[in-house]
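Spelled out, the chains give:
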Amino acid sequence: DAKTTQPPSMDCAEGRAANLPCNHSTISGNEYVYWYRQIHSQGPQYIIHGLKNNETNEMASLIITEDRKSSTLILPHATLRDTAVYYCIVRVGPEGGGKLIFGQGTELSVKP
Amino acid sequence: KAGVTQTPRYLIKTRGQQVTLSCSPISGHRSVSWYQQTPGQGLQFLFEYFSETQRNKGNFPGRFSGRQFSNSRSEMNVSTLELGDSALYLCASSLSALNTEAFFGQGTRLTVV
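Residues numbered from 1 in each chain as written. Chains lettered and ligands numbered in written order. Predicted model: local features only at pLDDT ≥ 70, side-chain atom pairs only at ≥ 80, totals over all residues. Heavy atoms only, no water.

Asks: Break down the overall build of chain B for me, citing the residues and quoting the values.
Replies: Helix and strand counts for chain B stand at zero helices and 11 strands. Each helix and strand of chain B, placed in order from N terminus to C terminus, yields the pattern β-β-β-β-β-β-β-β-β-β-β. Over its C-alpha trace chain B gives a radius of gyration of 13 Å, about what one expects of a compact globule, namely 13 Å for 113 residues. Projected onto its principal axes, the C-alpha positions of chain B cover 35 × 25 × 25 Å. A total of 113 residues make up chain B; the buried ones form 51% of that total. (Helix = DSSP H or I, 4+ residues; strand = E, 2+ residues; numbered from the N terminus. Rg over C-alpha atoms; globule rule 2.2 N^0.38 Å. Buried < 20%, exposed > 50% of the residue type's maximum accessible area, 1.4 Å probe, protein only.)

Now the structure itself:
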């Protein structure tokens, strides 16, 4: 079973920041938080991942709380092309291999 | 560089038949994972291969099998197809089996009639 809880849907105005929350209260010390998104009928796309420090790349920022029980994915300036289902995944360290356990995700709708 | 390639993109099969799907990972990637996506169950992990060995297996019946070749290309096979096997089958490749990002293909849409 997925170890994360996300709201089923969210709306965001184009040009504004989209903040997508994720709860992972049972996360273990060696587990990473990964974010993927899936645009309709395409394969999921990797966005970002982190262990305990905040991370930023060209797509998004990941803020992980100090107790690591929750995180927020931030898309700083959402565009219509960011409309997708966003998945927050807790993934074990190297011993977990490539297995990803997807939950139901958050369906983000970016509106003009 | 080329992404993950899955063939065929679309497939229609009849109940009871078998099907083989193919996945060519990104060049240099040695880990390949397979997922099934249906409207009811979402994205579910099938299995993962690394250096021709199955490392992880999801909770699917034995009708679902896979293999990986020495060039890292992978195939998955479903025998005795059932209507419920209709799904989008996705393949993902990673540089290694360690904690790196996975890159997904566009998937194979299988319809069982």
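Having put the structure on the table, let's press on.
Asks: Any details on the environment of D85(B)? Residues and values, ideally.
Replies: All names here are of chain B. Along the polypeptide, D85 turns up in the loop between strand 8 (74-78) and strand 9 (87-94). In this structure D85 comes out as buried when scored by relative accessible area, which is 4%. Remark: the alpha-carbon pair of D85 and L110, spanning 25 residues in sequence, is separated by 7.6 Å. At 2.8 Å, the side chain of D85 and the backbone nitrogen of E82 are in polar contact. (Polar contact = N/O pair within 3.5 Å; in protein donor to acceptor, adjacent residues only side chain to side chain.)

Asks: Residue-level account of the pattern of salt bridges, with values.
Replies: Two side chains bearing opposite charge may form a pair once their charged atoms approach each other closely. Under the definition given, this model contains seven salt bridges over all chains. Of the charged contacts in the structure, one is a salt bridge between R37(A) and D82(A), with a shortest N-O distance of 2.7 Å. Remark: D82(A) occurs in the loop between strand 7 (70-75) and strand 8 (84-91) and R37(A) occurs in strand 3 (residues 32-38); sequence separation between them is 45 residues. Comparing R37(A) with D82(A), the two get one shared label, buried. Of the charged contacts, one joins R63(B) and E82(B) as a salt bridge, the two residues approaching to 3.6 Å between their closest N and O atoms. Pair noted here: R63(B) is in the loop between strand 6 (53-57) and strand 7 (64-68) and E82(B) is in the loop between strand 8 and strand 9, with a separation of 19 residues, a long-range link. (Salt bridge = Lys/Arg side-chain N within 4 Å of Asp/Glu carboxyl O.)

Asks: Explain the packing of aromatic side chains residue by residue, including any values.
Replies: What the rule picks out here adds up to 12 aromatic pairs over all chains. A ring pair is formed by Y36(A) and Y46(A), whose centres lie 5.7 Å apart and whose planes are at 75°; its orientation type is edge-to-face. One end of the pair, Y36(A), is in strand 3; the other, Y46(A), is in strand 4 (residues 45-50), and 10 residues separate them in sequence. Of the two residues, Y36(A) and Y46(A), neither departs from the other in class, the shared state being buried. Arranged with centres 5.7 Å apart and planes meeting at 90°, the rings of F102(A) and Y35(B) form a pair that is edge-to-face. A residue pair is termed interchain when its members come from two chains, as with F102(A) in the loop between strand 8 and strand 9 (106-111) and Y35(B) in strand 4 (residues 31-38). Taken individually, F102(A) and Y35(B) each receive the classification buried, so the pair is uniform in this respect. Taken together, the aromatic side chains of Y34(A), Y36(A), Y46(A), Y87(A), F102(A), Y35(B), F45(B) and F104(B) make up a single cluster linked through ring pairs. It is R91(A) that lies over the ring of Y34(A); its NZ or CZ is 5.0 Å from the centre. (Phe/Tyr/Trp six-rings, centres within 6.5 Å; stacked < 30°, edge-to-face > 60°. Lys NZ or Arg CZ within 6 Å of the ring centre and 35° of its normal.)

Asks: Requested: an account of the sheet that holds strand 8 of chain A, with residues and values cited.
Replies: The strands that make up a sheet are held in pairs by hydrogen bonds between backbone atoms, and each pair lies either parallel or antiparallel. Residue and element names in this part refer to chain A. Spatial ordering of the open sheet is given by 1-9-8-3-4, a layout of five strands whose pairing is mixed. Where the open sheet ends on each side, the last strands, each with one partner, are strand 1 (9-13) and strand 4. Averaged over all neighbouring strand pairs, the angle between strand axes comes to 25°, with direction disregarded. Relative to strand 9, strand 8 runs antiparallel, the two being bridged by three bridges. By the bridge assignment, A84 is partnered in strand 9 with L108. (Pairing = 2+ DSSP bridges. Axes fitted to C-alpha atoms, helices over the stretch in contact; angles between N-to-C directions.)

Asks: Can you break down the pairing of strand 4 of chain B residue by residue, with the values?
Replies: All names here are of chain B. With eight of its eight residues buried, strand 4 lies for the most part within the structure. Here eight bridges tie strand 4 to strand 5 (residues 42-50), and the two strands are oriented antiparallel to one another. Bridge pairing in strand 5 links S33 to E48. Hairpin connection between strand 4 and strand 5: a loop of three residues separates the two successive antiparallel strands.

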